[in-house]
Amino acid sequence: MADPPGCCHPCATCQKKSQWITAKKEKRKGLRTTKCDCSWFLFLFCVFLFTLVWLYFAIIILNDFHNFNEFIFKQRKLWLDWSLVLLIATAVLITYSAVLLVLALCLQLCSQPLKLHWLHKTLLILTALVVAAAFTGLGIKWAEEWRSARISLQATGPFLHIGIVGGMTLLAWPLASFIYRTRNTGLKVFLLFVYCAVMIALYLAPLGIASPCIMEENQLPPKPALVGHRGAPMLAPENTLMSLQKAVDCDVQVFETDIMVSADGVPFLMHDEELTRTTNVQAVFPERAALNSTSFNWTDLQQLDAGSWFLERRPFPTVQSLSAGDRYQATKQRIPSLEEALEAAKQSNISIMFDLRPENHSDYQNFVNATLQVILQSGIPLQQVLWLPDGFREQVKQQAPGIRQVYGRKRLQNEKEPLLHVNLPYQDISSEEIRQYRQDNISVNLYVVNQPWLFSVLWCSGVSSVTTNACQVLKEMKHPIWLLPSSTYLMIWIVVDCASFLAIVWAFLLLKMCSQRRRPAESETDVLLTKINSLMQE
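What counts and what doesn't
- Residues numbered from 1 in each chain as written.
- Predicted model: local features only at pLDDT ≥ 70, side-chain atom pairs only at ≥ 80, totals over all residues.
- Heavy atoms only, no water.
- Helix = DSSP H or I, 4+ residues; strand = E, 2+ residues; numbered from the N terminus.
- Buried < 20%, exposed > 50% of the residue type's maximum accessible area, 1.4 Å probe, protein only.
- Contact = heavy atoms within 4.5 Å.
- Patch = residues over 30% accessible without salt bridge, like charges linked within 9 Å, V, L, I, M, F, W, Y side chains within 5 Å.
- Areas by Shrake-Rupley, 256 points an atom, 1.4 Å probe, with all protein chains shown as cover.
- Salt bridge = Lys/Arg side-chain N within 4 Å of Asp/Glu carboxyl O.
- Disulfide = S-S within 2.5 Å.
- UniProt positions renumbered as here; feature names shortened; annotations may be inferred.
- Arc of directions from axis to C-beta.
- Core = buried A, V, L, I, M, F, W, Y, C linked by side-chain atoms within 4.5 Å.
- Domains from an automatic or database assignment.
- Axes fitted to C-alpha atoms, helices over the stretch in contact; angles between N-to-C directions.
- Parallel < 35°, antiparallel > 145°, perpendicular 65-115°, else oblique.
- Left-handed = near helix turned anticlockwise from the far one by under 90°.
- Nonpolar A, V, L, I, M, F, W, Y, C, P; charged D, E, K, R; others polar.
- Pairing = 2+ DSSP bridges.

### Details of the overall build of the protein
Broken down by element type, the protein carries 20 helices and nine strands. By the burial criterion, 45% of the 538 residues in the protein qualify as buried. Taking contacts inside the protein between residues at least 6 apart in sequence as the whole, the part at least 24 apart equals 68%.

### Quick notes on a nonpolar patch on the surface
Among the surface-exposed residues, Trp-118, Leu-119, Leu-123, Ile-125, Leu-126 and Leu-129 lie close enough to one another that they form a single nonpolar patch of about 590 Å² accessible area. Along the chain, Trp-118 turns up in helix 5 (residues 118-141).

### Examining the state of the cysteines
The full count for this structure, using the stated rule, is one disulfide. Between Cys-250, a free cysteine, and Cys-471, which holds the nearest cysteine sulfur, the sulfur-to-sulfur gap is 3.0 Å. In this structure Cys-250 comes out as buried when scored by relative accessible area, which is 5%.

### A short note on the UniProt feature "transmembrane region" (unreviewed entry) in the protein
The positions that UniProt labels "transmembrane region" (unreviewed entry) are, in the present scheme, residues 38-62, 82-110, 122-140, 160-180, 189-209 and 490-511. Taken end to end, residues 122-140 is 100% helix and 0% strand, and its two terminal C-alpha atoms sit 27 Å from one another. In residues 189-209, helix accounts for 76% and strand for 0%; the two terminal C-alpha atoms are 30 Å from one another.

### Observations concerning the environment of Val-53
Residue position: Val-53 is located in helix 2 (residues 35-60). Among the residues examined, Val-53 registers a relative accessible area of 41% and is labelled partly exposed.

### Some words on helix 14 (residues 338-348)
Every buried residue belonging to helix 14 is among Leu-338, Ala-341, Leu-342, Ala-344 and Ala-345, and all of these are buried. Summarising the axial view, the buried residues of helix 14 lie within an arc of 165°, below the 170-degree limit, and thus occupy one face. Residues Glu-339 and Gln-347 are exposed on helix 14 and point more than 90 degrees away from its buried face. On its buried face, helix 14 is in contact with helix 9 (241-249), strand 2 (254-261), strand 3 (267-269), strand 4 (351-356) and helix 15 (364-378). Backbone geometry just downstream of helix 14 places Asn-349 in the positive-phi region, at approximately 60°.

### Some points on the nonpolar core
Membership of the largest hydrophobic core comes to 40 residues, with the highest contact counts inside it found for Leu-446, Phe-455, Leu-458 and Val-466. When residues of this core are sorted by domain, at least three fall in each of domain 1 (35-211 + 487-512) and domain 2 (225-475). Residues Leu-338, Ile-350, Leu-356 and Ile-380 belong to the second largest nonpolar core, which totals 28 residues.

### What about the packing of helix 4 (residues 82-109) against helix 7 (residues 172-181)?
Running from N to C, helix 4 and helix 7 point in directions that differ by 40°, and their axes come no closer than 9 Å. The angle between helix 4 and helix 7 falls in the class oblique. Seen along the crossing, helix 4 lies across helix 7 with a hand that is left-handed. Across the interface between the two elements, Leu-105, Gln-108 and Leu-109 of helix 4 pack against Trp-173, Pro-174, Ser-177, Phe-178 and Arg-181 of helix 7. Partitioned by chemical class, the residues of the contact of helix 4 with helix 7 number five nonpolar, two polar and one charged.

### Focus: the pattern of salt bridges
By the definition in use, this model includes 19 salt bridges. Across the pair Asp-37 and Lys-115 runs a salt bridge, and its minimum N-O distance is 2.9 Å. With Asp-37 in helix 2 and Lys-115 in the loop between helix 4 and helix 5, this pair connects stretches of sequence that are 78 residues apart. Under the relative-accessibility criterion, Asp-37 is labelled buried at 8%. What makes Lys-115 partly exposed here is its relative accessible area of 47%. The partner of Arg-334 in a salt bridge is Asp-305, and the shortest N-O contact between them spans 3.9 Å. Of the two residues, Arg-334 sits in the loop between helix 13 (324-331) and helix 14 while Asp-305 sits in the loop between helix 11 (298-301) and helix 12 (308-313), which places them 29 residues apart along the sequence. Judged by relative accessible area, which is 37%, Arg-334 ranks as partly exposed. Within this structure, Glu-70, Arg-230, Glu-238, Asp-272 and Arg-277 form a network of salt bridges that share partners.

### Describing unusual backbone geometry
Excluding glycine, a negative phi dihedral is what most residues carry, and trans is how most peptide bonds are arranged. Cis geometry is adopted by the peptide bond preceding Pro-358, which originates at Arg-357 and carries an omega value of -15°. You can see Pro-358 is positioned in the loop between strand 4 and helix 15. The omega torsion of the bond from Tyr-447 to Val-448 falls at -20°, within 30 degrees of zero and hence cis. Looking at the element boundaries, Val-448 is found in the loop between strand 8 (443-447) and helix 18 (452-461).

### Re the pairing of strand 2
The buried fraction of strand 2 amounts to eight of the eight residues, a majority that puts the element mostly inside the structure. Both faces of strand 2 are covered, namely the face carrying Val-254, Glu-256, Asp-258 and Met-260 and the face carrying Phe-255, Thr-257, Ile-259 and Val-261. By the bridge criterion, three bridges tie strand 1 (residues 225-229) to strand 2 in an arrangement that is parallel. Residue Gly-228 lies in a different strand from strand 2, and its bridge partner there is Phe-255. Note: strand 2 against strand 4, six bridges, orientation parallel. Counted as the bridge partner of Ile-259 is Leu-356 from strand 4.

Below you can see the structure in the form of C-alpha cells.
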C-alpha cells in the first residue's frame with residue numbers, strides 16, 4: 001500500500017525522536033532541585049549536627065553515669081547499665097543521619113536533587129524530637145552535666161576546632177557545586193556570606209579556647225593523689241574490706257567511705273539508706289527490706305551477704321574480667337564495721353575519709369559520739385582520719401583535735417578559721433580557683449573523677465587529689481593525655497587555618513572550571529532541541 005502524499009519514513013522517524021527528546025527534557029525538569037528539596041537538605045544537615053552534639057554529650061556524661069544507674073535503682077528497684085542503652089541508641093541515630101547526609105552530598109556533587117521518601121522524612125523528624133527530649137531531660141534532671149560539658153571543652157577544645165575546620169572545609173565542595181549551578185543570585189550571596197562568616201569565626205576560635213593543658217612541660221603540677229570512692233568499686237563490692245584492699249593495691253592514699261550506725265550503736269560502712277542495692281536483705285529479711293539501714297542491729301547486719309550482688313548485677317564492665325579467686329572472695333564479703341575498716345587502714349598505712357549518714361536523723365548526735373568513740377579507741381593515728389560531716393564539727397574538734405577537718409564547700413570571704421582541706425564536686429570549681437587554692441596551701445579534693453580526659457584537665461589545673469571509681473585506670477597514667485606548649489599550639493592553629501583556606505579556594509576554582517566546561521555542551525544540546533522542535537512544528 002502506497003504511503004499517503006506528503007508523508008515519508010524520515011518524517012516519522014523525526015517525530016519519534018522529537019517525542020523522545022521532549023520526554024527526556026520533561027524528565028530532567030522533574031529532577032530539578034526545588035525549594036522543598038533545599039529545605040529538607042538543610043533540615044537533614046541540622047539534624048545531623050544536633051545528633052552529633054548529643055553524641056559528644058553522651059560521651060562526656062559517661063564519667064557520672066554510675067550515679068544515674070543508682071538513681072534509677074532507687075526509684076524502680078531495677079539495675080541496668082543504662083550507659084549501654086544510651087550509647088547504642090545514640091549510635092543508631094548518628095549513623096542513620098550520617099548515612100543520609102553522605103548520600104545527599106553525593107547527589108549534590110552529581111547535580112542531582114535530594115528526593116527524600118516520606119518514611120525518611122518521618123524518621124528525621126522523630127530523630128530530632130528524641131534528641132531534643134534527651135537534652136530537655138538532661139537540663140531538668142541532671143543540670144550539673146552542662147558544667148561537665150563546659151569543663152570537657154578544656155580537654156577537647158583544640159581538637160574540636162581542628163575537626164570542625166576540617167568538616168567545614170570539605171563542605172566547600174558541595175557548596176561550590178550548588179552555587180555554580182543555581183541561578184538565584186540572592187541565594188548565592190546569602191550562602192557565601194554565611195559560609196565565609198562561619199569560617200572566619202572558626203579561624204579565630206582559638207583566641208577563645210583556654211585549656212590548663214596548654215603549658216610548658218616544666219610547669220606541669222604533680223600528679224593528683226587518688227582517693228578510692230568506697231574503695232575500688234570496679235574491682236570489688238563497694239564499702240567492703242575487699243574493696244579497701246583493692247584500693248590499696250591501686251596505690252590510693254585515702255579510702256573514702258560512708259558510715260551509718262546500727263540500732264545498737266555500732267558504726268558500719270554503708271552508702272545507701274536502704275540495704276536492698278548492696279546486700280541480700282530481701283532474701284534474709286524480706287519484711288524489713290525497705291527499712292532504713294540504721295533500724296537493724298549489728299547482729300542482723302552480720303547475717304547479710306554484701307558481695308554476691310556485685311557479681312549478679314555487674315555494676316561496672318570490669319566485673320567480667322575478675323579472676324576466679326576474686327569472684328570467690330567477693331561472695332564472702334560482709335558489711336564491715338568502722339572498727340574493722342580503721343584497723344585495715346592502719347595496717348595498710350592509708351587515710352580514711354568518711355561521711356556520716358543520714359544527716360537528718362533525729363539521733364544524729366549519738367551517731368557522731370559513737371563514731372568518734374570508735375576512732376579514738378582504734379589506735380589509728382588521728383592525722384589519718386579525714387572528717388567530712390558538718391554536724392557537730394566543733395564538738396569533734398574539741399574531743400579529737402588531731403583529726404583533719406575536710407569541708408564540703410568553698411572558703412568564705414570572712415573565714416574565721418582558714419580552711420586546709422576542701423572536698424567538692426569537680427563541676428563546682430574552676431581551674432583558676434584550683435590554682436589560687438594551691439597557692440594558698442589549701443588541699444583540694446574533687447569527686448567523682450573516672451575518665452582519663454577529666455583527670456588530665458584536673459591534673460594540669462593543679463588539683464591535690466581526686467576521688468575515683470577507676471583507681472586501676474588512673475594509677476597507670478604517668479602523664480596527662482595531652483600537653484602542648486603555647487608556641488606549638490599556635491603553630492598548629494596557623495597551619496590548620498592556612499591549609500583549610502587553600503583547600504576552599506582550590507575547591508571553588510576547580511568546580512568553576514568544571515562548570516564552564518559543561519556550559520558549551522549544555523548550550524549545544526539546548527540549540528539542537530530547539531531546532532528539532534521548530535522542525536516538527538513546521
